[in-house]
Amino acid sequence: MTPFNRNFGQGKRTKAVRPDMNWEEITKAGNVYEPGNANTYETGDWRTIRPVWNKDRCIHCLICWRYCPDASIIATDGKFDSFDYKHCKGCGICANVCPVHAIDMFSEDEMDRQKEAKRNEE
Ligand code: SF4
Ligand code: SF4
């Protein structure tokens with residue numbers, strides 16, 4: 001008899017998902033079975049607003065580091081270091097919890113327009 005959950009995948013390694021994969025190669029319901037797999041996906045791709053750190057205001061309390069749901073704040077030697085923009089989804093929690101307002105949120109579109117304008121000036 002075929003077990004109902006045969007394709008549940010315990011103990012099975014999944015392949016990395018590629019754009020050219022057909023539906024038969026993808027696991028049932030798109031389940032992923034390896035821990036830590038989020039590291040291999042650039043989940044920051046769909047961000048529409050970007051956190052920007054202001055080093056003059058930061059007191060390195062690392063409250064933002066504790067609250068970031070995507071582990072996208074990198075701390076080095078107990079101090080704020082940088083954002084991991086490949087995984088930051090732009091939720092703005094870090095900016096909301098920062099006690100000294102050292103993180104500002106900017107529109108990605110606006111930042112792109114400003115970069116483009118700067119390039120055109122040069
Ligand atoms: S919460 Fe604000 S002050 Fe604290 S480390 Fe993060 S950016 Fe710096
Ligand atoms: S915007 Fe959200 S995901 Fe990005 S660093 Fe801040 S808390 Fe983390």
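Not measured: the values here are computed from a predicted model. (Residues numbered from 1 in each chain as written. Chains lettered and ligands numbered in written order. Predicted model: local features only at pLDDT ≥ 70, side-chain atom pairs only at ≥ 80, totals over all residues. Heavy atoms only, no water.)

**Q** How would you sum up unusual backbone geometry? Please name residues and give values.
**A** Unusually for a residue other than glycine, Asp77 sits at a positive phi of about 50°. Within the secondary structure, Asp77 sits in the loop between β2 (73-76) and β3 (79-83). Assessed through its relative accessible area of 78%, Asp77 is described here as exposed. Of note in the backbone geometry, His101 takes a positive phi value of approximately 55° without being a glycine. Owing to a relative accessible area of 54%, His101 belongs among the exposed residues under this scheme. (Helix = DSSP H or I, 4+ residues; strand = E, 2+ residues; numbered from the N terminus. Buried < 20%, exposed > 50% of the residue type's maximum accessible area, 1.4 Å probe, protein only.)

**Q** Before we move on, can you summarise helix α3 (residues 108-121) with the specific residues and values?
**A** Taking 1.5 Å per residue, 14 residues should reach 20 Å; α3 reaches 20 Å between its end C-alpha atoms and fits that length. Burial runs low along α3: only 1 of the 14 residues are buried. Sitting at the amino-terminal end of α3 is Ser107, which places a side-chain oxygen 3.2 Å from the backbone nitrogen of Asp109. (Expected span 1.5 Å × (residues − 1). Polar contact = N/O pair within 3.5 Å; in protein donor to acceptor, adjacent residues only side chain to side chain.)

**Q** Which residues make up the nonpolar core, and what values go with them?
**A** Residues Cys58, Leu62, Cys64, Cys68, Ile73, Phe80, Phe83, Cys94, Ala95, Cys98, Ala102 and Ile103 constitute the largest nonpolar core, which totals 12 residues. Elements represented by at least two residues in this core include exactly β3 and α2 (93-97). Excluding residues that lie within four positions of it along the chain, Ala95 makes contacts with Ile103 and Met105. (Core = buried A, V, L, I, M, F, W, Y, C linked by side-chain atoms within 4.5 Å. Contact = heavy atoms within 4.5 Å.)

**Q** Now, about the site of ligand 1: what can you tell me, with residues and values included?
**A** Around ligand 1 lies a shell formed by Trp53, Cys58, Ile59, His60, Cys61, Leu62, Cys64, Cys98, Pro99, Val100, Ala102 and Ile103. Looking at the shell around ligand 1 residue by residue, the classes come out as 11 nonpolar, 1 polar and no charged. (Near = heavy atom within 4 Å. Nonpolar A, V, L, I, M, F, W, Y, C, P; charged D, E, K, R; others polar.)

**Q** Give a description of the confidence of the model for the protein that names residues and reports values.
**A** Averaged over all residues, the pLDDT of the protein is 84; the fraction at 70 or higher stands at 80%. Across residues 3-10 the pLDDT falls below 50, and counting only partners more than four positions away or on other chains, this stretch makes 8 contacts in the model. (pLDDT = per-residue confidence, 0-100.)

**Q** Account for the pairing of β2, naming residues and giving values.
**A** By the bridge criterion, 4 bridges tie β2 to β3 in an arrangement that is antiparallel. When the sheet's bridge partners are listed, Ile74 is paired in β3 with Ser82. (Pairing = 2+ DSSP bridges.)

**Q** Provide a residue-level description of the pattern of salt bridges, including the pertinent values.
**A** Taken as a whole and assessed by the stated rule, the structure comprises 7 salt bridges. Between Glu108 and Arg47 there is a salt bridge whose closest N-O contact spans 2.6 Å. Here Glu108, found in helix α3, pairs with Arg47, found in the segment before β1 (49-53); they are 61 residues apart in sequence, far enough to count as distant. The salt bridge partner of Glu110 is Arg113, with a shortest N-O separation of 3.2 Å. Residue Glu110 and its partner Arg113 are both found in helix α3; the two are separated by 3 residues, about one turn of the helix. You can call Glu110 partly exposed: its relative accessible area is 35%. Beyond isolated ion pairs, a larger network of salt bridges with shared partners links Arg47, Arg50 and Glu108. (Salt bridge = Lys/Arg side-chain N within 4 Å of Asp/Glu carboxyl O.)

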